[in-house]
Amino acid sequence: MTSTQTGARWIKELLEGHPDRIHDAFRMSKHIFVDLLHKLEADHELQGSQRTSSSEVLGITLYILAQRGSVRLTKERFQHSTETISRYFSAGLRSLLLLSVDVIKPIDRQFRDIPAEIRYDTRYMPFFKDCVGVIDGTHVDARIPVKDQVRYIRRHGTTTQNVMAVCDFNMCFTFALAGWEGSAHDSRVFACALTDDRLHFPHPPQGILINLFTIIQLFVFLIVYLLNKTNKCR
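All values reported here derive from a predicted model rather than from experimental measurement.

1. Description of the overall build of the protein
When helices and strands are counted, the protein shows nine helices and three strands. Taking the contacts inside the protein whose residues are at least 6 apart along the sequence as the reference set, 51% of them involve residues at least 24 apart. Of the accessible surface of the protein, which amounts to about 15900 Å², a share of 57% is contributed by carbon and sulfur atoms.

2. Some thoughts on a nonpolar patch on the surface
On the surface, Val103, Ile104 and Phe173 cluster together to form a nonpolar patch covering roughly 270 Å² of accessible area. Tracing the backbone shows Val103 in helix H6 (residues 82-103). Judged by relative accessible area, which is 51%, Val103 ranks as exposed.

3. Quick word on the nonpolar core
By size, the foremost hydrophobic cluster in this structure holds 24 residues, and its most contacted members are Trp10, Phe26, Phe33, Leu36, Leu40, Leu58 and Phe78. Listing elements by their share of this core, those giving two or more residues are helix H1 (7-16), helix H2 (19-26), helix H3 (30-43), helix H4 (54-67) and H6. Of all the elements, H4 adds the most residues to this core, at six residues. Every residue in contact with Leu36, bar those within four places of it in the chain, is listed here: Met28, Leu58, Leu96 and Leu99. Counting ten residues, the second-largest nonpolar core is a separate cluster that includes Met164, Phe175, Leu177 and Val189.

4. Overview of the pattern of salt bridges
Opposite charge on two side chains allows them to pair when their charged atoms are near. Following the criterion strictly, the structure yields nine salt bridges and no others. Between Lys39 and Asp43 there is a salt bridge, with its nearest N and O atoms 2.9 Å apart. With a gap of four residues between them, Lys39 and Asp43 both fall in helix H3, about one helical turn apart. Look at Lys39 and you get partly exposed, because its relative accessible area is 36%.

5. Here we look at the side chain of Glu181
Mapped onto the elements, Glu181 comes out in strand S3 (residues 173-181). Residue classification places Glu181 among the buried residues on the basis of a relative accessible area of 17%. Within polar-contact distance, the side chain of Glu181 engages the side chain of Arg151 at 2.7 Å. Setting aside residues no more than four positions away along its own chain, Glu181 makes contact with Arg151, Tyr152, Thr160 and Asn162.

6. A short note on the packing of aromatic side chains
According to the stated counting rule, one finds eight aromatic pairs in the structure shown. Both rings, one in Tyr124 and one in Phe128, keep their centres 6.2 Å apart while their planes meet at 85°; by these two values the pair is edge-to-face. By relative accessible area, which is 43% here, Phe128 ends up partly exposed. Aromatic side chains Phe175 and Phe201 sit 5.1 Å apart centroid to centroid with 75° between the ring planes, which places their arrangement in the edge-to-face category. Taken as a pair, Phe175 in strand S3 and Phe201 in the loop between helix H8 (186-195) and helix H9 (206-229) lie far apart in primary sequence, 26 residues in all. Ring-pair connections join several aromatic residues into one group, and the members of that group are Trp10, Phe26, Phe33, Tyr63 and Phe78. Its end group placed over the ring of Trp10, Arg77 keeps NZ or CZ at 4.2 Å from the ring centre.

7. A few points about the sheet that holds strand S2 (residues 160-167)
Spatially, the three strands line up as an open sheet ordered S1-S2-S3, and their pairing is antiparallel. The open sheet terminates on both sides in strands that have one partner only, identified here as strand S1 (134-141) and S3. When the angles between neighbouring strand axes are averaged without regard to direction, this sheet yields 20°. In this sheet, S3 lies alongside S2 in antiparallel orientation, the contact comprising six bridges. Among the inter-strand pairings, Ala165 is bridged to a residue of S3, identified as Ala176. Taken strand by strand, H8 contacts S1, S2 and S3, and its axis lies near 120° from that of S3.

Rules used in this analysis
- Residues numbered from 1 in each chain as written.
- Predicted model: local features only at pLDDT ≥ 70, side-chain atom pairs only at ≥ 80, totals over all residues.
- Heavy atoms only, no water.
- Helix = DSSP H or I, 4+ residues; strand = E, 2+ residues; numbered from the N terminus.
- Contact = heavy atoms within 4.5 Å.
- Areas by Shrake-Rupley, 256 points an atom, 1.4 Å probe, with all protein chains shown as cover.
- Patch = residues over 30% accessible without salt bridge, like charges linked within 9 Å, V, L, I, M, F, W, Y side chains within 5 Å.
- Salt bridge = Lys/Arg side-chain N within 4 Å of Asp/Glu carboxyl O.
- Buried < 20%, exposed > 50% of the residue type's maximum accessible area, 1.4 Å probe, protein only.
- Core = buried A, V, L, I, M, F, W, Y, C linked by side-chain atoms within 4.5 Å.
- Polar contact = N/O pair within 3.5 Å; in protein donor to acceptor, adjacent residues only side chain to side chain.
- Phe/Tyr/Trp six-rings, centres within 6.5 Å; stacked < 30°, edge-to-face > 60°.
- Lys NZ or Arg CZ within 6 Å of the ring centre and 35° of its normal.
- Pairing = 2+ DSSP bridges.
- Axes fitted to C-alpha atoms, helices over the stretch in contact; angles between N-to-C directions.

Printed below as a string of structure tokens:
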């Protein structure tokens, strides 16, 4: 590459320049970028090479994620070859995935304490005293090779991944499962999370789990009953 504005110089310019610039480029503030860099270097195997610093590896990764940048655009921005950009992006993603294992988890896997938001609210206590969090799904746009696109097309006609997430009452994620095709039903994703031990789904204690399944069974029974009443049940 021939430009004098190398990736290392651009990263240095962002760190020393106006705060809005690094936020616009990486969707995070300067001090968060620096803290994340140190965390990944110390605990999650992020490293550069003789010619490329670990800050540039993280910058390449965040630039692609934040800007939805292609490898070719990122190559021009950081003045590296296509192969180098692809290799460093994979390394950065690997470190972020290792970080996610430490961060996306319940504070207490035994769920011994009733959340304060329930304990001190008479609208919910004692009815929801065994509630440990909230589960929901969302569709995230995905770029899929043409030969694999059909199974990723959701009902609105776009290619997506079906992502399931769990959060606690502090609005912190305690579990996330990505990668399922956009055509997959939410119940299938949920069943996979429950049954695949490799995913480490935060199962509640046995007593809470029984109460949870009882609530689910009652909810399904109510839905089927209402659909039958309105002749809309398939």
